[in-house]
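# Inside the fold
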Amino acid sequence: DYRSNLVAHYVASDRLESPARGVYRVPGPPLKWQAVVASLQLIEGSWSHVGGSTALVQRGLGHYARLSGVETICLYGPETLPHWVNKLGVPERFEQRRDSALAPLRVYRDGSGVLRRFECETPISADELPQYGLFEYKWGTWDWPLIFSSEERAILEMLQDVPERESIYEAYVLLQGLVTLQGDSS
């Protein structure tokens with residue numbers, strides 16, 4: 001096949017690198033976990049969003065610096081992660097949480113980057129994400145719009161993992177620090 005020969009040529013000539021079988025990238029700085037999430041959401045059209053403790057830590061709400069061990073990036077959504085995600089050589093480990101107590105939310109980007117809601121295939125704007133407990137976090141040189149849980153949704157996602165995956169004490173300390181949560185004013 002012409003295409004596979006061309007890809008092999010680009011890899012051999014160092015114009016592309018293959019961090020995992022069937023995955024290619026332009027050589028450059030070390031791969032970061034946010035770029036993996038961007039690939040999932042923007043290229044693969046994944047419904048998964050960054051949530052739970054990962055979303056809280058990224059918002060600066062974590063209380064403890066990780067001194068050892070591998071950081072887990074928590075993704076929430078109804079699908080299974082592709083096999084290549086944890087084979088890319090990034091220092092973090094990805095974990096898909098499909099058992100969310102919250103209703104499964106299926107917001108994704110189509111091939112042209114437009115946000116859509118699966119149930120009705122209608123476009124939605126980034127301004128509509130907060131009603132689902134989500135927001136766009138701009139990351140990287142090109143301001144890639146990654147979908148993250150809001151603080152309110154993230155703490156609920158984290159609490160459903162206590163005590164099996166998350167520490168009761170850490171959840172308690174995080175809850176004490178969440179003084180800016182939005183409540184229903186009605």
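A brief report on the enclosed structure follows. (Residues numbered from 1 in each chain as written. Predicted model: local features only at pLDDT ≥ 70, side-chain atom pairs only at ≥ 80, totals over all residues. Heavy atoms only, no water.)

### Topic: the pattern of salt bridges
All told, the structure shown has nine salt bridges when counted by the stated rule. Measuring nitrogen to oxygen at the nearest pair gives 2.1 Å for the salt bridge that ties Arg97 to Asp161. With Arg97 in strand β5 (residues 93–97) and Asp161 in the loop between α4 (151–159) and α5 (168–177), this pair connects stretches of sequence that are 64 residues apart. You'll find Arg97 and Asp161 in the same group, each marked buried. For Glu157, the salt bridge is made with Arg153, and the minimal N-O distance between the two is 3.0 Å. You can see Glu157 and its partner Arg153 sitting in helix α4, four residues apart, about one turn around the helix. (Salt bridge = Lys/Arg side-chain N within 4 Å of Asp/Glu carboxyl O. Helix = DSSP H or I, 4+ residues; strand = E, 2+ residues; numbered from the N terminus. Buried < 20%, exposed > 50% of the residue type's maximum accessible area, 1.4 Å probe, protein only.)

### Here we look at the nonpolar core
Counting 30 residues, the largest nonpolar core has Leu56, Leu75, Trp84 and Phe94 as the members making the most contacts within it. Take this core: its biggest share by element is six residues, from helix α2 (residues 33–43). Look past the residues within four positions of Trp84 in its chain and what remains in contact with it is Ala20, Val23, Val36, Leu40 and Glu44. If you look at the next biggest cluster of nonpolar residues, it comprises six residues, including Val107, Leu115, Leu129 and Leu134. (Core = buried A, V, L, I, M, F, W, Y, C linked by side-chain atoms within 4.5 Å. Contact = heavy atoms within 4.5 Å.)

### With respect to the side chain of Thr72
Its place among the elements puts Thr72 in strand β4 (residues 72–76). Reaching out from Thr72, the side chain makes a polar contact with the side chain of Arg93 at a distance of 3.0 Å. With sequence-adjacent residues up to four places away left out, Thr72 is seen in contact with Thr54, Arg93 and Glu95. (Polar contact = N/O pair within 3.5 Å; in protein donor to acceptor, adjacent residues only side chain to side chain.)

### Topic: the packing of aromatic side chains
One pass over the structure, following the stated rule, counts four aromatic pairs. For the pair Phe135 and Phe148, a centre-to-centre distance of 6.0 Å together with 40 degrees between the ring planes defines the contact as tilted. Placement of the pair is Phe135 in strand β8 (residues 134–139) and Phe148 in strand β9 (residues 144–149), with a sequence separation of 13 residues. Judged by its relative accessible area of 1%, Phe148 is buried. When the ring of Tyr137 is compared with that of Phe148, the centres are 4.9 Å apart and the planes differ by 55 degrees; the resulting orientation is tilted. With Tyr137 in strand β8 and Phe148 in strand β9, this residue pair connects regions lying 11 residues apart in the sequence. For Tyr137, a relative accessible area of 25% translates into the label partly exposed. Following the ring pairs from residue to residue traces out a cluster consisting of Phe135, Tyr137 and Phe148. Taking NZ or CZ as reference, Arg59 lies 4.5 Å from the ring centre of Phe135, over its face. (Phe/Tyr/Trp six-rings, centres within 6.5 Å; stacked < 30°, edge-to-face > 60°. Lys NZ or Arg CZ within 6 Å of the ring centre and 35° of its normal.)

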